[in-house]
Amino acid sequence: MDDAATVPRQLGRTPRGPWRVAGRCSFGYPVCIATAPLITNGERFPTLYYLTCPHIVAEVSRLESAGFMESVRAMLSADQALASRLLDADESYRKARANEGGGIDPTPEVGIAGQRDPLAVKCLHAHVAAYRAGIDDPVGELVTAELIAECGD
């Protein structure tokens, strides 16, 4: 498979800066990519993991439109263990971003989805991307459990 051709086709554009495939579906296609925290022009780029699979992007958008983000926020407010897992996931994300940057994280003040407060969930896509890339993100896990996980073809 030619990831260099597939990912831009999935996104409808060329990814920003250096990237690599961070997760794949059962068909072998990229699901998410990891992007360097400093892109080619030296701009800081805090979004480490980014969904590329058009099917999963559409599925997550469907859930966001249906108000699932409010459900997730309510679960985080009511369940301290879930909130603690999310804080741990955010810390893992920041460490992974530093690793992707060769040991340097140019945006240490923000975590998943560029959030300063990890519990203020604002983008389910970012949490699913982190989860699919191997971060133990409970929000990504909750969302993924609600998705039709893969397309039929």
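Residues numbered from 1 in each chain as written. Predicted model: local features only at pLDDT ≥ 70, side-chain atom pairs only at ≥ 80, totals over all residues. Heavy atoms only, no water.

A. Geometry of the side chain of D3. Turning to its location among the elements, D3 is positioned in helix α1 (residues 3–11). Residue class for D3 comes out buried when judged on its relative accessible area of 19%. Among the polar contacts listed, one links the side chain of D3 to the side chain of R24, at a separation of 2.5 Å. Apart from the residues within four sequence positions on either side, D3 is in contact with P8, W19, V21, R24 and P30. (Helix = DSSP H or I, 4+ residues; strand = E, 2+ residues; numbered from the N terminus. Buried < 20%, exposed > 50% of the residue type's maximum accessible area, 1.4 Å probe, protein only. Polar contact = N/O pair within 3.5 Å; in protein donor to acceptor, adjacent residues only side chain to side chain. Contact = heavy atoms within 4.5 Å.)

B. Main features of the pairing of strand β2 (residues 30–35). The buried fraction of β2 is high, at 6 of 6 residues. In the sheet, strand β1 (residues 19–24) pairs with β2 via 5 bridges, with the strands oriented antiparallel. Each bridged residue has a counterpart across the sheet, and for R24 the counterpart in β2 is P30. Between β1 and the antiparallel strand that follows it, β2, lie 5 residues; G28 among them carries a positive phi value of about 95 degrees. The sheet contact formed by β2 and strand β3 (residues 49–51) spans 3 bridges and is antiparallel. In the sheet register, C32 faces β3, and the bridge partner there is L51. (Pairing = 2+ DSSP bridges.)

C. Region of interest: α1. Within α1 the residues assigned to the buried category are D3, T6, V7, P8 and Q10. Of the surrounding elements, those touching the buried residues of α1 are β1, β2 and α2 (54–65).

D. Fine view of the nonpolar core. In this structure, Y49, L124 and V143 are the most contacted members of the largest nonpolar core, which totals 34 residues. In terms of residue count, the dominant contributor to this core is helix α4 (residues 80–100) (6 residues). (Core = buried A, V, L, I, M, F, W, Y, C linked by side-chain atoms within 4.5 Å.)

E. Structural detail: a nonpolar patch on the surface. Residues M1, F27 and Y29 make up a contiguous nonpolar surface patch of roughly 330 Å² in combined accessible area. Mapped onto the secondary structure, Y29 falls in the loop between β1 and β2. Judged by its relative accessible area of 40%, Y29 falls in the partly exposed class. (Patch = residues over 30% accessible without salt bridge, like charges linked within 9 Å, V, L, I, M, F, W, Y side chains within 5 Å. Areas by Shrake-Rupley, 256 points an atom, 1.4 Å probe, with all protein chains shown as cover. Salt bridge = Lys/Arg side-chain N within 4 Å of Asp/Glu carboxyl O.)

F. Here's a closer look at the sheet that holds β2. Strands sit in the order β1-β2-β3 across an open sheet of 3 strands; the sheet is antiparallel. The open sheet has two free edges, formed respectively by β1 and β3, since each of these has just one partner strand. Each strand axis lies, on average, 35 degrees off the axis of its neighbour in the sheet, ignoring direction. Across the sheet, helix α5 (residues 124–132) touches β1, β2 and β3, and the angle it forms with β3 is around 110 degrees. (Axes fitted to C-alpha atoms, helices over the stretch in contact; angles between N-to-C directions.)

G. Region of interest: the environment of G111. Structurally, G111 can be placed in the loop between α4 and α5. Relative accessible area serves as the criterion here: at 0%, G111 is assigned to the buried category. Separated by 26 residues in sequence, G111 and R85 place their C-alpha atoms 14 Å apart. Excluding residues within four positions of it along the chain, G111 makes contact with D90, Y93, R94 and R97.

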